[in-house]
Amino acid sequence: MTVTLHVNGTEHKIEADPATPLIFVLRNQLGLTGVKLGCGLEQCGACTVMADGQSVLSCVKTVSEFNGTKIVTIEGLAAHALGSAVQRAFVAENAAQCGYCTPGMVSEVTALLSAKPKPSRPEIIEALNGHLCRCGSHTRIFKAIERVVAEKSNA
Amino acid sequence: MPNGSLVKQPNLDQWLAIGADGRVLVRTGKVDIGQRISTALTLIAAEELDIDPTRIDIAAVETDVAPDEGVTSGSNSMEESGDAVRRATATARKHLLALAARQLGVAEDALDIVDGLIRARATNRSITYAELAGGKPFGIPVDQTAKTKDPKSFKHVGTRVTARGMADLVGGSAKYVHDMQMPGMLHARVVRPPHYHATLAKLDDAKFKSAGLGIVRDGSFLAVAGPDEYAVLKGAERLAAAATWDRGKGLPEGDLFKNLTANERVSLPVIKGSPVKEAVPALPAPPANAAVTHQARYERPYNMHGTIGPSAALAKFENGQMTVWTHSQGIYVLREAMAEALDMPIEAIRVIHAIGAGCYGHNGADDVALDAALVARANPGKPVLLKWTRDDEHAWEPYTTAMVMELQASLDASGKVLAWSHESYGDTHNMRPRSTGNKSGAARLLAARYLADPVPPPVATPSMGHHVGIHRNQEPLYTFDNQRLVKNLVRGLPLRTSAMRTLGAYANVFALESFIDELAEAGGLDPIALRIRNLADQRAIDVIEACNTALNRDKKPAGYGRGFGFARYKNQKTYCAVGIEVSVNDAAEVKLHRCVIAADAGEIVDRDGIAAQMEGGVLQAASWTLYEEVKYDRDGITSRDWDSYPILRFDNVPEIETILMERPGAPFLGAGEASSGPAAGAIANAIKDATGLRLRRLPFTPEAIRAAAYR
Ligand code: FES
Ligand code: FES
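Residues numbered from 1 in each chain as written. Chains lettered and ligands numbered in written order. Predicted model: local features only at pLDDT ≥ 70, side-chain atom pairs only at ≥ 80, totals over all residues. Heavy atoms only, no water.

J.: Residues and numbers for the confidence of the model for chain B, please.
T.: Summary statistics for chain B give a mean pLDDT of 96 and a share of 100% for residues scoring 70 or more. Reported confidence for the predicted complex is 0.98 by ipTM and 0.97 by pTM. (pLDDT = per-residue confidence, 0-100.)

This is the structure:
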């Protein structure tokens, strides 16, 4: 079947088994390999992308569920005002070690800050608690968020 | 001391090349696994060559091209590769200055270097590195004694920089093995037995409806391959349903911790950090002048590496040649083991490193490389990208062994330790695919044992090196009198094990540092003072004091506990002290509030990189300590996803303050594994301080805390 996907500002007509999880279409058909497969079980957050401004896990939900939604992946965030600020803050804080969890984290943080420009610590934790990082970059991710918030409130 | 990597690869061209465009290419045998070794090497090369770091490239690590520096493990990379690159670049600098002096007709000491441009001060004439040596081999050996820069003039080494490749990681453009795509590429998945000892009895081909999918079967090794990843995934599920396994007796059952000290074992005394093949001395009676004698037993379960990205490899078999892209930590050792497993000559195999998710030791990385090669061999000419699933990684990676530590010590009234005994029990930490001939490398790759012509798993032998395996950090850095150290390699344990970050050091330091606090309490002494009373090494005392001062800067909040732990990794690498503040809530959950790390890693190269390793080490160890235990039963592993094997999440991350000691000019000390053991000791001691409960079996779950409270 054909599905229409809006990804990173471009419309794509995708031929796929409608039961295919979104992540495989993004990675293998559109070459957006920044989106990471960590568990395929909606347990780790690695596969997070933004759909209509909200963060969603892409490893189980099927491509047909995204017909017509506007998807932004980690690759698309560079052209996104807030997303690119979040990326710069992650770089400035060296908020990644192996980086495998990072695209999911960056996408989640961007979705969080678009909804709540000045989140409290408990709100940040709630947003990120579904994301696992085995390298232990957590404190740096907190700092990156603080950096974006400070930048935006000084702007 | 001569650098071993340079002894093996003595020529400057094996380490360094200057391009015609003036870019500098640094070669290393160590792979970047998120620990930022490539950042550190860049800083070292930039410093010695006086060139901007952005003009330095780090070569991809590939067999026959990269220096053979063994495995990227054991916190050895800075001492081996870091030091080698420093001496190589210092040699190159000297050589380039001599060439320039001749060309410019002045003495060497009349020259300055600014970003790869050598200028004669008097005449202002200049020449670049590229003009002198661009695109040409140096053709000289590395001078192991070449003079290196005075730390006082450092411009790059020791600064805080953005890690190499950080923007690519954050931007999603970094290419992991998992992300490689090639024309005609097949995806593949393995269908695994229900547990280690099951064999494939029957495959009902009629049940497996294949649409464009190929099956690879060799004995009990079963895989499916095809061009579409999702179709392969579904195909693997159908193939699993079509397979009937002979389950045999299943995994050995029984009380793990009882078996650890009851099973048959090889016991060896450990003298000054190394085992000796002698009889184990009996535990002597406490000395007559002992004021206090105390004993305790500590236990740690099996833990897993738990990479966030399950292991993957890409393999291509063409014209009798196998090329493998892998995130293994040891490309040369993997090549040898694969040659044995595939019955191919070593020269016919090329192994190329590509980045993977953090591995923290010997996880599924090497195993998946053989899996991919087996599927590639059955599909000549087609690249095969084989990814383990979450279930594969959780259930099949080589875990770190469960361990038991039994300690006993006597103290005089002044706090001097008069006698000390520490026995450690566990399975092997040493199953990396290193070959010592006779297919011993192949035997350590998972798939080899399931082939029609199987290579059975090897019987572990006790590691005899200094501070390795079960006895890593068993020898205290403290100056205790009458030390009795024993390692026990235990037979008949149920799970497959190998090297995980710190090997036995995490468990040994957890036990040692918990026990010192117990001793202090028994003797009515301050635990920090007791440590310092028994230390002669001033650098150790310095990190302990720095950490303790920062931890106790302000008053401890009511109901909170503070705890402390210290070790020098392998007694020869980074010194690290960890202080932690915790509380235990009504749900018996341990909450981590604040953490102070003080570390002495010798001369600091990548300042923020060392801090990241220290912090990451603490958070990972906190996760092992509070949450993690691999569970299993007769039918196999039951910790098969993140629900059944929970790890640390954002809701329990403390504030971390990291203090690095300044030691310019001192040798580099490996840092990647230094904070894990101290963190475990600190958490155990902090829980005791907060609740009065002394916990001796990891992990410290709410169930464990409740059980201790009601004991
Ligand atoms: S890969 Fe989607 S949540 Fe783990
Ligand atoms: S940076 Fe490696 S898992 Fe988060």
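That covers the picture; the talk isn't over yet.
J.: Account for the domain arrangement of chain A, naming residues and giving values.
T.: Residue and element names in this part refer to chain A. Taken domain by domain, chain A consists of domain 1 (2-73) and domain 2 (77-154). Listed per partner, the contact involves 16 residues of domain 1 and 12 residues of domain 2. Between domain 1 and domain 2, a total of about 1,100 Å² is buried, with carbon and sulfur atoms accounting for 58% of that surface. Considering only the side of domain 1, the residues that lose the most area to domain 2 are Lys36, Thr48 and Met50, jointly responsible for 37% of the buried surface there. (Domains from an automatic or database assignment. Contact = heavy atoms within 4.5 Å. Buried area = accessible area lost by both parts, 1.4 Å probe.)

J.: Explain the pairing of strand S1 (residues 2-7) of chain A to me, and be specific about the residues and the numbers.
T.: All names here are of chain A. With six bridges connecting them, S1 and strand S2 (residues 10-15) associate as antiparallel partners. Among the inter-strand pairings, threonine 4 is bridged to a residue of S2, identified as lysine 13. With antiparallel pairing between neighbouring strands as the criterion, S1 and S2 make up a hairpin whose turn holds two residues, including asparagine 8 at a positive phi of roughly 50°. In this structure, S1 lies alongside strand S5 (residues 70-72), joined through two bridges in parallel fashion. The residue bridging histidine 6 from the neighbouring strand is lysine 70, located in S5. (Pairing = 2+ DSSP bridges. Helix = DSSP H or I, 4+ residues; strand = E, 2+ residues; numbered from the N terminus.)

J.: Give me the sheet that holds strand S3 (residues 56-58) of chain B: which residues, what numbers.
T.: All names here are of chain B. The sheet built from three strands is open, its strands ordered S1-S2-S3 with mixed pairing. Since the sheet does not close on itself, it has two edges, and those belong to strand S1 (16-18) and S3, each with one partner. Pairwise comparison of adjacent strand axes, ignoring direction, gives a mean angle of 20° for this sheet. Pairing of strand S2 (residues 24-26) with S3 involves three bridges; the strand directions are parallel. (Axes fitted to C-alpha atoms, helices over the stretch in contact; angles between N-to-C directions.)

J.: Give a detailed account of the packing of helix H2 (residues 81-92) of chain A against helix H5 (residues 138-154) of chain A, specifying residues and quantitative values.
T.: All names here are of chain A. For the pair H2 and H5, the least separation of the axes is 8 Å and the interaxial angle reads 130°. On the basis of their axis angle, the class for H2 and H5 is oblique. In the crossing of H2 with H5, the sense of the turn from one axis to the other is right-handed. Together, Ala81, Leu82, Ala85, Val86, Arg88, Ala89, Phe90 and Ala92 of H2 and Ile141, Ala144, Arg147, Val148, Glu151 and Lys152 of H5 make up the contact between the two elements. (Parallel < 35°, antiparallel > 145°, perpendicular 65-115°, else oblique. Left-handed = near helix turned anticlockwise from the far one by under 90°.)

J.: With reference to specific residues and values, describe the interface of chain B and chain A.
T.: With 59 residues of chain B in contact, the opposing surface of chain A contributes 52 residues. Regarding the contact of chain B and chain A, the summed buried area is about 4,500 Å², with carbon and sulfur atoms giving 54% of it. If you sort the residues of chain B by the area they bury against chain A, Val170, Tyr230 and Phe650 of chain B come out on top, with a joint share of 20%. Here chain B and chain A share six salt bridges between them. (Salt bridge = Lys/Arg side-chain N within 4 Å of Asp/Glu carboxyl O.)

J.: Give me the state of the cysteines: which residues, what numbers.
T.: Going through the model one piece at a time under the given rule, you end up with zero disulfides over all chains. Unpaired in this structure, cysteine 359 of chain B has its nearest cysteine sulfur neighbour in cysteine 135 of chain A, at a distance of 9.0 Å. (Disulfide = S-S within 2.5 Å.)

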